[in-house]
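In case you want the letters, here they are:
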2 protein chains.
Amino acid sequence: MAHQVRAARPTGVLAPVLTPFGADLAPDAGRLLAHCRWLLGQGCSGLAVFGTTSEANSLSVEEKEALLDRLVEGGIDPSRLLPGTGCCALSDSVRLTRRAVQRGCAGVLMLPPFYYKAVSEDGLFRSFAEVIERVGDARLRVYLYHIPPVAQVPIGPGLIERLLRAYPGAVAGIKDSSGDWQNTRMLLETFSGRGFDVFAGSERFLLDTLRGGGVGCITATANVNPGAISRLAREWREPECEAQQAELNAVRGAVEQVPVIAGLKEIVAHHAGDPAWRTVRPPLSGLSPAQAEGLLAALSGLGFSMPELR
Amino acid sequence: MAHQVRAARPTGVLAPVLTPFGADLAPDAGRLLAHCRWLLGQGCSGLAVFGTTSEANSLSVEEKEALLDRLVEGGIDPSRLLPGTGCCALSDSVRLTRRAVQRGCAGVLMLPPFYYKAVSEDGLFRSFAEVIERVGDARLRVYLYHIPPVAQVPIGPGLIERLLRAYPGAVAGIKDSSGDWQNTRMLLETFSGRGFDVFAGSERFLLDTLRGGGVGCITATANVNPGAISRLAREWREPECEAQQAELNAVRGAVEQVPVIAGLKEIVAHHAGDPAWRTVRPPLSGLSPAQAEGLLAALSGLGFSMPELR
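Sequence order as written defines residue numbering, which begins from 1 separately in each chain. Here the convention is simple: chains get letters from A, ligands get numbers from 1, in the order in which they are written. This being a predicted model, a pLDDT of at least 70 is required before a residue's local features are given, and a value of 80 or more before pairs of side-chain atoms are given or counted; all residues contribute to the totals for chains, interfaces and linings. Only hydrogens and water are set aside when side-chain values are computed; all heavy atoms of the structure are taken into account.

**Here's the deal with the environment of L32 of chain B**
Residues and elements named next belong to chain B.
Here's step 1: Inspection of the secondary structure assignment puts L32 in helix α1 (residues 29-41).
Here's step 2: A simple rule labels every residue: compare its accessible area, found with a 1.4 Å probe on the protein chains alone, to the largest value its type can have, and call it buried under 20%, exposed over 50%, or partly exposed in between. With a relative accessible area of 2%, L32 lands in the buried category.
Here's step 3: Taking the C-alpha atoms as reference points, L32 and L159, 127 residues apart in sequence, are found 34 Å from one another.
Here's step 4: The criterion used for residue contact is that any of the two residues' heavy atoms lie within 4.5 Å. Once residues lying within four places of it in the same chain are set aside, the contact partners of L32 are V17, L18, T19, P20, L67 and L71. For helices the rule is a DSSP run of H or I covering at least 4 residues; for strands it is a run of E covering at least 2, with both sets numbered from the N terminus onward.

**Let's talk about the packing of helix α2 (residues 61-73) of chain B against helix α3 (residues 90-102) of chain B**
Residues and elements named next belong to chain B.
Here's step 1: Where α2 meets α3, the axes come as close as 11 Å, and the angle between the chain directions of the two elements is 5°. For the element pair α2 / α3, the angle class is roughly parallel. Every residue of α3 that contacts α2 at V61, E62, K64, E65, L68 and D69 is listed here: D92, R95, L96, R99 and A100.
Here's step 2: Partitioning the contact of α2 with α3 into residue classes produces four nonpolar, no polar and seven charged. Lines are fitted to the C-alpha atoms to define the axes, a helix being fitted only along its stretch in contact, and any angle between axes, read from their N-to-C directions, falls within 0 to 180 degrees. Every angle not falling under 35 degrees, over 145, or within 65 to 115 is termed oblique; those three ranges are roughly parallel, roughly antiparallel and roughly perpendicular. Under the convention adopted here, Pro, Cys and the residues Ala, Val, Leu, Ile, Met, Phe, Trp and Tyr are nonpolar, Asp, Glu, Lys and Arg are charged, and Gly plus all remaining residues are polar.

**Some points on the relation of the copies chain B and chain A**
Here's step 1: A least-squares superposition brings the copies together, and it is based on the C-alpha atoms of residues with pLDDT no lower than 70 in both. With an axial shift of 0.0 Å and an RMSD of 0.0 Å, the rotation relating chain B to chain A amounts to 180°. Both copies are brought into coincidence by an operation consistent with a two-fold rotation axis.
Here's step 2: In this assembly, 100% of the residues forming the interface of chain B have copies in chain A that are likewise at the interface, indicating an isologous arrangement.

**Overview of the packing of aromatic side chains**
Here's step 1: Classification of ring pairs uses Phe, Tyr and Trp, with its six-membered ring standing for Trp, and accepts pairs whose centres are within 6.5 Å; under 30 degrees between planes counts as stacked, over 60 as edge-to-face, and the remaining range as tilted. Overall, the coordinates contain 13 aromatic pairs over all chains when judged by the stated rule.
Here's step 2: Where F114 of chain A meets F114 of chain B, the ring centres are 5.8 Å apart and the plane angle is 55°; that geometry is what we call tilted. Taken together, the residues span two chains, with F114 of chain A in the loop between β3 (108-110) and α4 (121-135) and F114 of chain B in the loop between β3 (108-110) and α4 (121-135).
Here's step 3: Here Y115 of chain B and Y116 of chain B contribute two aromatic rings whose centre-to-centre distance is 5.0 Å and whose plane-to-plane angle is 75°, an arrangement assigned as edge-to-face.
Here's step 4: Under the relative-accessibility criterion, Y115 of chain B is labelled buried at 2%.

**Overview of α4 of chain B**
Here's step 1: For a helix, the expected span equals 1.5 Å multiplied by the residue count minus one. Over its 15 residues, α4 of chain B extends 21 Å from the first C-alpha to the last, a length consistent with the 21 Å expected when each residue adds 1.5 Å.
Here's step 2: Buried residues belonging to α4 of chain B abut α3, β3, β4 (142-146), α6 (157-166) and β5 (171-176) of chain B.

**A word on the side chain of R281 of chain B**
Here's step 1: Of note, R281 of chain B is situated in the loop between α11 (260-272) and α12 (289-301).
Here's step 2: The term polar contact refers here to a pair of N or O atoms within 3.5 Å; inside protein, the definition further demands a hydrogen-donor-capable atom paired with an acceptor-capable atom, and it admits residues adjacent in sequence only when both atoms are side-chain atoms. Within polar-contact distance, the side chain of R281 of chain B engages the backbone oxygen of S58 of chain B at 2.6 Å.
Here's step 3: Sequence-distant contacts of R281 of chain B, that is, excluding residues within four places in its chain, are made with S91 and R126 of chain A together with F21, L25, A26, P27, E55, S58, L59 and E63 of chain B.

**Some thoughts on the state of the cysteines**
Here's step 1: Only a pair of cysteine sulfur atoms within 2.5 Å counts as a disulfide in this structure description. This model, assessed by the stated rule, comprises zero disulfides over all chains.
Here's step 2: Cysteine C241 of chain A shares no disulfide, and the gap to the nearest cysteine sulfur, in C217 of chain A, comes to 14 Å.

**Concerning the pairing of β4 of chain B**
All names here are of chain B.
Here's step 1: Counting buried positions along β4 gives five out of five residues, so the element sits mostly inside the fold.
Here's step 2: The two faces of β4 match: V142, L144 and H146 on one face and Y143 and Y145 on the other face are all buried.
Here's step 3: For two strands to be treated as a pair, DSSP must find no fewer than two bridges joining them. Relative to β4, β3 runs parallel, the two sharing three bridges. In the strand pairing of β4, V108 is matched with V142.
Here's step 4: You can see the chain leave β3, run along α4 and come back into β4, and the turn it takes is right-handed.
Here's step 5: Where β4 meets β5, five bridges bridge the pair, whose relative direction is parallel. Residue H146 lies in a different strand from β5, and its bridge partner there is D176. With the strands pointing away from the viewer, any crossover whose connection runs clockwise from the first strand over the helix to the second is right-handed.

In structure tokens:
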């Protein structure tokens, strides 16, 4: 195991950064870099590139490696990066995780292999264990990515317990995108304070998560509303925190009226005056004109805008 | 579009070939090649390498390319090959499909991108369309792979109709692994006779599929029972066909008492006297000793054995 200095543990608000595409559907590293800089400038503490919102599973490993390299070479501090590296294929997860560690990333956000369903806890344990052991680097911090509505392969408390016992230090936390506060509460009560950091998967649960001992949230909406979400993460002990939470929920509610990834890209395209941002990779589809109009009208009605966008 | 001679259309019984792994979990090309030769020798008309049973989504694109190359270089007639090439990432599907066409494969078996759930028909249409257009080769034959219990992303009749109209000739058929005979019957009634070949995804439906105008089956169990399944595909008009079907069902029923992929590997390992065959890649797990014993006893009770195995 290499013994090198580790980045500080990520906390606060991380954006699962949208991936812009060109007309040829190739990832657009230039627009991605600009968006990453804007997100950090708006107060995001970190960038969970290659998440669900990033259409990361619609990218090849090579495309992800090239984008990660471009971000770091473009001046993004790797200690702010928490790239998604969990793939269906063990060999892909190992390769991408190794690259992230070598690049100095704060950690990785790791999906379970998600093709086979109803796999055993033992099979999932071995999946994560093989990645951790094959990467074999003391700097590695794995954040488990629990998103059963999409992956359809859950990461339950039994699995977490086994991983924490086997790899303390390497298994560093979880993003809970179950959408179920009872699950997040269980995670906080069971695992926080054991070197295992719980991130909510939505800013809807940010206040409750921070009050319960969690460290922040990793949320799609941070791509368009990073300032206000980050402000609540800083000011959650202040009297106006409930009002702030309600405002965040209203914006999120408007976005959730449409398919979220296409909706977020529509918002960026609109506010940046940059139609190229609307492009999604199949199997996703862009919004219909009526959906786009309804979304922008709803946000406008809430007084929402994206400040200083490029 | 390149205009070169196309292989004959696949029909009959194709095996989604098990992928053997070494102790280091690397794919074992030598054992794979030997198993492919045995399957063809036993009467399989083709080899659907890189299917669900092949643990193909647990392999990287590079690993699949290397195995495909080794099979062809090892003397497997590429016109017998129907590799799985559908990945989550458009770029991966294009790359692997292109390689299969260049290698002279009879066709490809294509999963829909399976990470995002509840995607639109339009998004799925564009996924397949982009692959077909980017590969841009008149030799390409795409067999759609409908396996909703695993992929959780179905390929419905509306999508098939659109693809058939847009890409007649390139869209050549389907493997129906829904496990639902009503769906297979609907496919046969709606699409067969339009240059669209329907394969059952299980030999349980082989007789019914052939009687309904389908062309055969692509079935996991062909890895261990290829001779008997192929015999029914040849003799399905003979009087004893119902008895043959019942015997196939009994063997399949025994295998389905355990997790199927690990079970099939256990059977090969046992009959070949080659314990290395038991290895599965995470997230799958091998059988417990009790499961293995029960499976082998059940098969033995049916008078089952694998002939001339290596």
